[in-house]
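# Geometric and topological summary
Listed below, chain by chain, are the residues.
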Amino acid sequence: AQGTTLDEGLHFEDDEITPEVVLSWAPHSALRLYAAYRSGYKAGGVDTSKMPYPGFGQLSPDAFLFGNETADGYELGWTWTSRPRLQMGVTAHFLEYSELQVQQFNSNDLTYKTLSGVKASSEGVSLEAQWKSEGGNLNLQGGIHYVDAEFTGQFMNVEGQFLDGTRVPRTPQTSAEFNIHYGLNFGGWKVETGLNTRYLSRYPLDEILGTPHQQEFVLYDVFVSVASPTRHYELSLAGLNLSDEIYAMSSMARPFACPSDCFSPAYPLYQFDQVVTSALGRQVAIRLSAKF
């Protein structure tokens with residue numbers, strides 16, 4: 001349509017230096033301690049949520065551009081190995097994120113808005129362990145993780161709510177996994193089977209106070225595979241999310257999902273009907289591979 005073309009000036013270019021330093025110390029062969037400083041970035045670019053947008057041809061090109069997201073922080077940990085069967089490790093992290101871009105849809109005025117310059121922090125600890133049988137046929141692995149991720153600094157969402165100190169959505173505070181893997185040779189044929197379980201605690205689904213939460217849930221995956229003695233042929237069967245857990249990954253207020261008089265004053269977005277993005281349920285896959 002006329003007036004919706006930005007002819008020139010829409011150019012983004014940036015660079016980042018992201019150093020990483022790791023100090024490691026092994027008092028003896030079974031124990032290793034380490035401390036690390038890490039940094040990283042995600043490239044910025046062009047905010048396409050304004051395209052097309054009534055009158056956006058009159059906007060400055062700077063209104064479409066956002067800078068790089070950056071992160072830096074520290075990691076501390078130790079690993080202990082009882083060769084060759086048992087290994088344990090503990091890791092703690094302290095990270096700061098800057099210049100994050102958060103895109104939200106405002107169902108009251110039917111527009112997307114990209115909020116830039118958002119800051120967040122993440123602190124957490126992980127405990128992991130792995131054990132192998134003497135022959136190596138059986139392998140057990142598990143871990144439990146705690147992450148406290150919250151917004152910091154001045155951050156106001158599309159509702160006009162300040163989210164400083166609130167949890168980052170779609171991030172469970174507690175998660176855990178447990179895996180069993182067993183393999184054996186039967187007349188030259190290699191047979192393997194395994195079970196993978198994952199637990200995730202409840203988490204909010206949007207950057208809106210009062211937003212729906214996904215409650216805690218557990219996922220189960222299993223697999224069985226058979227490979228020929230020459231390893232040229234392999235048949236595998238995998239079952240994913242066998243408990244058929246339909247869990248939510250994000251949500252947003254559905255447009256036109258309130259009475260006609262709810263726009264004066266604006267209706268709270270968390271009270272709209274919610275459009276929820278969910279994961280797939282139970283999946284079963286069969287694969288036959290051949291190598292020549």
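Attention here is on the structure that accompanies the text. Every value quoted in this text rests on a predicted model; they were computed, and no experiment measured them.

Criteria and cut-off values
Residue numbers restart at each chain and count upward from 1, following the sequence in its written direction. Local features in this predicted model are restricted to residues of pLDDT 70 or higher, and side-chain atom pairs are both shown and tallied only at a pLDDT of 80 or more, whereas totals for entire chains, interfaces and linings draw on every residue. Values shown for side chains rest on all heavy atoms present in the structure; no hydrogens or waters enter the calculation. Put simply, a salt bridge is a Lys or Arg side-chain nitrogen that is within 4 Å of an Asp or Glu carboxyl oxygen. Helical segments are the DSSP runs of H or I of at least four residues, strand segments are the runs of E of at least two, and each set is numbered from the N terminus. Without a salt bridge and with relative accessible area above 30%, a residue can belong to a patch; like charges are then joined within 9 Å and nonpolar side chains (Val, Leu, Ile, Met, Phe, Trp, Tyr) within 5 Å. In this description, accessible areas are obtained by the Shrake-Rupley approach with a 1.4 Å probe, and a residue is regarded as covered only by the protein chains that are shown. Only protein chains enter the area calculation, which uses a 1.4 Å probe; residues under 20% of their type maximum are buried, those over 50% are exposed, and those in between are partly exposed. Working definition: a ring pair exists when centres of Phe, Tyr or Trp rings (six-membered ring for Trp) sit within 6.5 Å. Plane angles under 30 degrees give stacked, over 60 give edge-to-face, the rest tilted.

### Observations concerning the pattern of salt bridges
Side chains that carry opposite charge are capable of pairing whenever their charged atoms lie near each other. According to the stated counting rule, one finds 5 salt bridges in the structure shown. When the shortest N-O distance is used, the salt bridge between Asp221 and Arg198 registers 2.7 Å. Residue Asp221 is found in strand β13 (residues 217-227), and its partner Arg198 is found in strand β10 (residues 189-200); the two are separated by 23 residues along the sequence. Via salt bridges that share partners, Glu20, Arg38 and Glu75 belong to a single interconnected network.

### Quick notes on a nonpolar patch on the surface
Where nonpolar side chains cluster on the molecular surface, the patch consists of Phe186, Trp189, Val224, Val226, Leu235, Leu237, Val284, Ile286 and Leu288 and spans about 930 Å² of accessible area. Elements represented by at least two residues in the nonpolar patch include exactly β13, β14 (233-240) and β17 (283-290). If one sorts the elements of the nonpolar patch by residue count, β17 sits on top with 3 residues. Mapping Leu235 onto the fold places it in strand β14. Judged by its relative accessible area of 46%, Leu235 falls in the partly exposed class.

### Observations regarding the packing of aromatic side chains
What the rule picks out here adds up to 3 aromatic pairs. Taking the centre distance of 5.5 Å and the plane angle of 55° together, the rings of Tyr37 and Tyr74 count as tilted. Separated by 37 residues along the polypeptide, Tyr37 in strand β2 (residues 31-42) and Tyr74 in strand β5 (residues 69-82) bring together distant segments of the chain. We classify Tyr37 as partly exposed; its relative accessible area is 25%.

Fair warning: the whole summary comes from geometry, so function is off the table for now.
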